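Overview (structure and organization)
Spelled out from the first residue to the last, the chains are:
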Amino acid sequence: RVVVHTRQGNREVIAAYDLQSGKQLWQDGVDAPYTMNSAATGHGPGPKSTPAIADGRVFTLGISGIFSAHDLATGKLLWRKNAPPAPPEFGTATSPLVDGGNVIAFLGGTGGGALTASDAATGLVKWRWTGDGPGYASPVLATLGGTRQVITQSQNKLVGIDAAGGQLLWEVALKTPYEQNSVTPMVMGELVLYAGLENPTIALRVTKTGTRWTTAPAWRNDDVAMYMSSPAVSGTAIYGLSTKNRGQFFAIDAASGKTMWLTRGREAENASI
């Protein structure tokens, strides 16, 4: 199956299609009127979040924050959480993440959100971290210092949250203009790569001694700043799109953080790598 989450007028619609024939197998929708921030009208009214699929279920997070689970085979709605009173300033963009029997999503809005683990089958809340509002980056899972954790950009921070219980393990401040933290973190061994608009690109080393967590930059690259385009790693190099000079594709050596090459500029505003 191919699953697509779209907008049709004031409704957000999820549909499944047969991979071989393209035939629509099922469709379901929900009323989701949404007024865009004037600064983000060029982005369109969403949804912006990629659906997550696991164990016969499909999880979607709408631009106003409607969080839904459907049966992959039939399209039956399994459970739904309504939109918060005030979604993030530029609309929900973080995608759900499935971890075993939990589905994790940053719910809520500016100044009032919670990174939330819900039971994938029932939607019942397993744990919530309420230390900051949601950013626009998606969470990732990694094991650092022997602890499985959810790593994400929140409204004002980069955080590591215990995947089992939802406790904050570590955090570093991350300030971007208009609180637009939107680059999905990337884990490379024991290093966490993070970046943001008008910020350098940093590889953070996360360690645990006894019960104490510490973070320290392993390297910092001031040639490259990222905004909405998340990077990718291949072999020993990191590839992505920097916002500098109106868009420069780049390669960074993953071990040292040194710039391998930059294109001339004026390449793009955004790119999927």
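Described in the following lines is the structure provided in the data block. (Residues numbered from 1 in each chain as written. Predicted model: local features only at pLDDT ≥ 70, side-chain atom pairs only at ≥ 80, totals over all residues. Heavy atoms only, no water.)

A look at the overall build of the protein chain
Of the regular secondary structure elements, the protein chain holds zero helices and 23 strands. Structurally, the protein chain occupies a C-alpha span of about 50 × 50 × 40 Å along its principal axes. Classification of the 273 residues of the protein chain by burial places 52% in the buried group. Contacts spanning at least 24 positions in sequence make up 43% of the contacts within the protein chain whose residues lie at least 6 apart. (Helix = DSSP H or I, 4+ residues; strand = E, 2+ residues; numbered from the N terminus. Buried < 20%, exposed > 50% of the residue type's maximum accessible area, 1.4 Å probe, protein only. Contact = heavy atoms within 4.5 Å.)

A short note on the nonpolar core
Membership of the largest hydrophobic core comes to 15 residues, with the highest contact counts inside it found for I151, L158, W170, V192, Y194, L204 and V206. Residue assignment for this core shows that the elements contributing at least two residues are β12 (140–144), β15 (168–173), β17 (191–194) and β18 (201–209). When residues no more than four places from it in sequence are discounted, the contact partners of Y194 are Q153, L158, V172, L174, P200, T201, I202 and L204. Membership of the second largest hydrophobic core comes to 14 residues, among which are L191, L193, A203 and I238. (Core = buried A, V, L, I, M, F, W, Y, C linked by side-chain atoms within 4.5 Å.)

Structural notes on the sheet that holds strand β13 (residues 147–153)
The sheet built from four strands is open, its strands ordered β12-β13-β14-β15 with antiparallel pairing. Strand pairing shows two members of the sheet lacking a second neighbour, β12 and β15, which therefore form its edges. Each strand axis lies, on average, 25° off the axis of its neighbour in the sheet, ignoring direction. Sheet analysis places β12 next to β13, joined by five bridges and oriented antiparallel. Bridging from a neighbouring strand, T143 pairs with R148 of β13. (Pairing = 2+ DSSP bridges. Axes fitted to C-alpha atoms, helices over the stretch in contact; angles between N-to-C directions.)

Section: the environment of P84
Looking at where P84 falls in the secondary structure, it is placed in the loop between β7 (77–81) and β8 (97–99). In this structure, the C-alpha to C-alpha distance between P84 and G109, residues 25 residues apart in sequence, is 6.8 Å. Not counting the four nearest positions on each side in its chain, P84 is found in contact with S64, G65, G108 and G109.

Examining a nonpolar patch on the surface
A cluster of nonpolar side chains, contributed by Y239, M260, W261 and I273, occupies part of the molecular surface with about 390 Å² of accessible area. Mapped onto the secondary structure, M260 falls in strand β23 (residues 259–262). (Patch = residues over 30% accessible without salt bridge, like charges linked within 9 Å, V, L, I, M, F, W, Y side chains within 5 Å. Areas by Shrake-Rupley, 256 points an atom, 1.4 Å probe, with all protein chains shown as cover. Salt bridge = Lys/Arg side-chain N within 4 Å of Asp/Glu carboxyl O.)

As far as function goes, none of this settles anything; it's purely spatial.
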